[in-house]
Amino acid sequence: MENTQANNINTVDQYLASIGEDSKRALLERLRAIIKQAVPEADEVISYKMPTYKYNGILIYFAAWKNHWALYPANATLKETFKEELSRYKQTKGAIHFPWEEPLPEALITRLVKKRAAENKEKAKANAKPSKR
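Residues numbered from 1 in each chain as written. Predicted model: local features only at pLDDT ≥ 70, side-chain atom pairs only at ≥ 80, totals over all residues. Heavy atoms only, no water.

## So, the packing of helix α2 (residues 22–38) against helix α5 (residues 106–127)
At a minimum axis separation of 9 Å, α2 and α5 run at an interaxial angle of 45°. In this view, α2 runs oblique relative to α5, as classed from their interaxial angle. In this structure, α2 meets α5 at a crossing whose hand is right-handed. Along the contact surface, α2 presents R30, L31, I34, I35 and A38, while α5 presents E106, I109, T110, V113 and K114. Taken together, the residues of the contact of α2 with α5 sort by class into 6 nonpolar, 1 polar and 3 charged. (Axes fitted to C-alpha atoms, helices over the stretch in contact; angles between N-to-C directions. Helix = DSSP H or I, 4+ residues; strand = E, 2+ residues; numbered from the N terminus. Parallel < 35°, antiparallel > 145°, perpendicular 65-115°, else oblique. Left-handed = near helix turned anticlockwise from the far one by under 90°. Contact = heavy atoms within 4.5 Å. Nonpolar A, V, L, I, M, F, W, Y, C, P; charged D, E, K, R; others polar.)

Here's what the structure looks like:
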């Protein structure tokens, strides 16, 4: 990870402040705003030393790395839904890597986050036990 004091990070504000390069920090601050705008009800925490958003379970994480920033988790459904738009980005089993040099794909991020929120909401609804009467 880019920041060297990850063990002392307890908030997303601290995480962002630890990013040394202004342009990288600004990109991640914009990413944060996009996530919060897409799902305002999401809770913001640090988990696995990364900014994390929870909405009916884990919504999305992001992290800064030396050569890219990444979104997690990128599940198979999400990758398939946005297959064409994501084809230009490096992907691992659970992440999508975005190069620092490229503009933030704001519309794509908004759609990814909203899709994850809808998936989480459906999953929560399916797992909800019917009340006994």
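## Brief notes about the packing of aromatic side chains
In this description, an aromatic ring pair is defined by two values, namely the gap between the centres and the angle between the planes. Following the criterion strictly, the structure yields 5 aromatic pairs and no others. On the numbers, 6.3 Å between centres and 85° between planes, the contact of Y15 with F62 is edge-to-face. Of this pair, Y15 sits in helix α1 (residues 12–17) while F62 sits in strand β3 (residues 58–64), and the two are 47 residues apart along the sequence. Take Y15: its relative accessible area is 0%, and that puts it in the buried class. Linked through ring pairs, Y15, Y53 and F62 together constitute an aromatic cluster. (Phe/Tyr/Trp six-rings, centres within 6.5 Å; stacked < 30°, edge-to-face > 60°. Buried < 20%, exposed > 50% of the residue type's maximum accessible area, 1.4 Å probe, protein only.)

## Some remarks on α5
Between its first and last C-alpha, α5 extends 31 Å over 22 residues, near the 32 Å set by a 1.5 Å rise per residue. The set of residues buried in α5 consists of L108, I109, L112, V113, R116, A117, E119 and N120. Of the surrounding secondary structure, the elements contacted by the buried residues of α5 are α2, β3, β4 (68–72), α3 (76–81), α4 (83–86) and β6 (96–99). (Expected span 1.5 Å × (residues − 1).)

## Thoughts on the nonpolar core
Ranked by size, the top nonpolar core spans 41 residues in total, and within it L28 and W69 carry the most contacts. Elements represented by at least two residues in this core include exactly α1, α2, β2 (50–54), β3, β4, β6 and α5. (Core = buried A, V, L, I, M, F, W, Y, C linked by side-chain atoms within 4.5 Å.)

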